[in-house]
Amino acid sequence: MNALKEIKKDPRETYNEIILDLIKDARETSELNTFVAKAQESKMKELWEEGDYSGWEHA
């Protein structure tokens, strides 16, 4: 419970609200990671199809 107290934004904020915010943040992070992975996947396929593997340093 001390960890939850430390991230409380407002003294009136409930632990339930804190946990829901953490879940929301985790989902958003997961969605961002998925978006980035899809973009990287697209670029990797493009490079592989061209047979050019020199772009790995900049992918």
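Residues numbered from 1 in each chain as written. Predicted model: local features only at pLDDT ≥ 70, side-chain atom pairs only at ≥ 80, totals over all residues. Heavy atoms only, no water.

*Asks:* Just give me the short version of the overall build of the protein chain, but keep the residues and values in it.
*Replies:* Within the protein chain, the secondary structure is distributed over two helices and zero strands. Each of the 59 residues in the protein chain was classed as buried or not, and the buried ones make up 8%. If you sum the accessible surface of the protein chain, you get close to 5,300 Å²; carbon and sulfur atoms cover 56% of it. (Helix = DSSP H or I, 4+ residues; strand = E, 2+ residues; numbered from the N terminus. Buried < 20%, exposed > 50% of the residue type's maximum accessible area, 1.4 Å probe, protein only. Areas by Shrake-Rupley, 256 points an atom, 1.4 Å probe, with all protein chains shown as cover.)

*Asks:* Tell me what's going on with the pattern of salt bridges, and back it up with residues and numbers.
*Replies:* Counted by the stated rule, this structure contains five salt bridges. Residue Asp21 is joined to Lys9 by a salt bridge in which the shortest nitrogen-to-oxygen separation is 3.6 Å. Of this pair, Asp21 sits in helix α2 (residues 15-50) while Lys9 sits in the loop between α1 (2-6) and α2, placing them 12 residues apart in sequence. In this structure Lys9 comes out as exposed when scored by relative accessible area, which is 68%. (Salt bridge = Lys/Arg side-chain N within 4 Å of Asp/Glu carboxyl O.)

*Asks:* Pulling in residues and values, what's your account of the packing of aromatic side chains?
*Replies:* Taken as a whole and judged by the stated rule, the model has zero aromatic pairs. The residue whose ring lies beneath Lys8 is Tyr15, and the NZ or CZ to ring-centre distance is 5.1 Å. (Phe/Tyr/Trp six-rings, centres within 6.5 Å; stacked < 30°, edge-to-face > 60°. Lys NZ or Arg CZ within 6 Å of the ring centre and 35° of its normal.)

*Asks:* Quick rundown of a nonpolar patch on the surface? Include the residues and the values.
*Replies:* Where nonpolar side chains cluster on the molecular surface, the patch consists of Ile19, Leu20 and Ile23 and spans about 250 Å² of accessible area. Structurally, the position occupied by Ile23 is in helix α2. (Patch = residues over 30% accessible without salt bridge, like charges linked within 9 Å, V, L, I, M, F, W, Y side chains within 5 Å.)

*Asks:* Go over the side chain of Glu13, please, and point to the residues and values.
*Replies:* Tracing the chain through its elements places Glu13 in the loop between α1 and α2. Although buried, Glu13 forms no salt bridge, and the nearest oppositely charged side chain, Lys9, lies 4.9 Å from it. There is a polar contact of 2.8 Å between the side chain of Glu13 and the backbone nitrogen of Lys9. Ignoring any residue separated from it by four or fewer positions in sequence, one finds Glu13 in contact with Ile7, Lys8, Ile18 and Asp21. (Lys, Arg positive; Asp, Glu negative; His and termini not counted. Polar contact = N/O pair within 3.5 Å; in protein donor to acceptor, adjacent residues only side chain to side chain. Contact = heavy atoms within 4.5 Å.)

*Asks:* Describe the environment of Ile19, naming the residues involved and giving the relevant values.
*Replies:* Counting through the fold element by element, Ile19 comes out in helix α2. The partly exposed category is assigned to Ile19, whose relative accessible area is 39%. Each C-alpha atom of the pair Ile19 and Leu4 lies 8.3 Å from the other, and the pair is 15 residues apart in sequence.

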